[in-house]
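# Inside the fold
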Amino acid sequence: MEWTGARYADQPTVEVATWIAAPPGRVWELVSDVTRMPEMSAELLSARWADGVTGPAVGARFVGRSRHAQLGEWETTSTVVACDPGREFAWAVGDPALPSALWRFGLRPDGDGTDLSQWMRMGPGRSGLSFAIDAMPDKEQKIVFVRLREFERSMSATLAQVKRRAEA
C-alpha cells in the first residue's frame, strides 16, 4: 500500500484478492458464515448472529467482538447490506446509513476456481479510530495510513485462511 495522505473523511479503502482452487459455492460458505470468521481473523475474537437470525440475508444483524493492541477491545453490531450467494457478501458496521466501516467479500468464478476479494472502506461514521484522531489531529493522515496497512495485512491473512480451508 502506498502513502495517499488520506484523511478519515475521505473514506479511504483497501482491497486484497486471491485465487482459490474451489468453486464459488464452497468459498461462499466460508465468507458468509460470520460465526466462523474469528477462526480466520487475528483481530476478530467472536461473531454471532443477532435477533434470532441464523444465517446471512440482507438486513440480518450480527455482533462482533474485536481486539487490537493499541485500540483495546470493543464490540460492534453490523448489518448485512448485500447478500448474493456465490457473488457478494457485504456488511455495514454500526448504523447502515452512516457506518463506521463497510466491508465486502466479492466472488467471481474463474476457470476451475474463484477469484475472491475482500474490500473495506473507513467511515463515514465515527469509529474507534476517530478517538485517536481526536487526540492527535496533526497525525490524522499517518493514523489512517497505518490502520489501512494493518487492515491490508489482516485481510491478506484472512484470505489465505479462506483459501486453505476452501481448498482442503
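Quick look at the structure, then. (Residues numbered from 1 in each chain as written. Predicted model: local features only at pLDDT ≥ 70, side-chain atom pairs only at ≥ 80, totals over all residues. Heavy atoms only, no water.)

Attention now moves to the side chain of Q118. Counting through the fold element by element, Q118 comes out in strand β7 (residues 113–122). A relative accessible area of 6% means that Q118 is categorised as buried. Among residues more than four places away in sequence, those in contact with Q118 are V14, E15, V16, W103, R104, F105, M155, T158 and L159. (Helix = DSSP H or I, 4+ residues; strand = E, 2+ residues; numbered from the N terminus. Buried < 20%, exposed > 50% of the residue type's maximum accessible area, 1.4 Å probe, protein only. Contact = heavy atoms within 4.5 Å.)

Right, let's talk about unusual backbone geometry for a bit. Cis geometry is adopted by the peptide bond preceding P124, which originates at G123 and carries an omega value of 10°. As for its position among the elements, P124 is in the loop between β7 and α2 (128–135). Even without glycine at this site, Q11 takes up a positive phi of about 50°. Along the chain, Q11 falls in the segment before β1 (13–20). In this structure Q11 comes out as partly exposed when scored by relative accessible area, which is 28%. At D51, a residue that is not glycine, the phi angle is positive and equals roughly 60°. As for its placement among the helices and strands, D51 is situated in the loop between β2 (44–49) and β3 (61–68). By relative accessible area, which is 57% here, D51 ends up exposed.

Let us look at the nonpolar core. V27, L116 and M120 are the most contacted members of the largest nonpolar core, which totals 37 residues. For this core, the secondary structure elements donating two or more residues are β1, α1 (24–31), β2, β5 (88–93), β6 (101–110), β7, α2 and α3 (140–167). Counting residues per element, this core draws most heavily on α3, which supplies 8 residues. Those residues in contact with L116, other than ones at most four positions away along the chain, are V16, A17, T18, I20, V27, V31, F105, G106, L107, L159 and V162. (Core = buried A, V, L, I, M, F, W, Y, C linked by side-chain atoms within 4.5 Å.)

Okay, the packing of aromatic side chains next. Per the stated rule, a full pass over the model turns up 8 aromatic pairs. Between W28 and F89, the ring centres sit 5.9 Å apart and the planes meet at 90°, which makes this aromatic pair edge-to-face. Of this pair, W28 sits in helix α1 while F89 sits in strand β5, placing them 61 residues apart in sequence. Take W28 and F89: they sit in the same class, and that class is buried. Between W91 and W103 the ring centres are 6.3 Å apart and the planes differ by 5°, which places this aromatic pair in the stacked class. On the criterion of sequence distance, the pair formed by W91 in strand β5 and W103 in strand β6 is long-range, its members being 12 residues apart. (Phe/Tyr/Trp six-rings, centres within 6.5 Å; stacked < 30°, edge-to-face > 60°.)

With that settled, the discussion passes to the packing of α2 against α3. The contact between α2 and α3 brings their axes to 9 Å, and the two run at 150°. Taken together, α2 and α3 sit at an angle that is classed as roughly antiparallel. Crossing handedness for the pair α2 and α3: right-handed. Contact residues: α2 offers L129, A132 and I133, while α3 offers E140, I143, V144 and R147. Along the lines of polarity and charge, the residues of the contact of α2 with α3 split into 5 nonpolar, no polar and 2 charged. (Axes fitted to C-alpha atoms, helices over the stretch in contact; angles between N-to-C directions. Parallel < 35°, antiparallel > 145°, perpendicular 65-115°, else oblique. Left-handed = near helix turned anticlockwise from the far one by under 90°. Nonpolar A, V, L, I, M, F, W, Y, C, P; charged D, E, K, R; others polar.)

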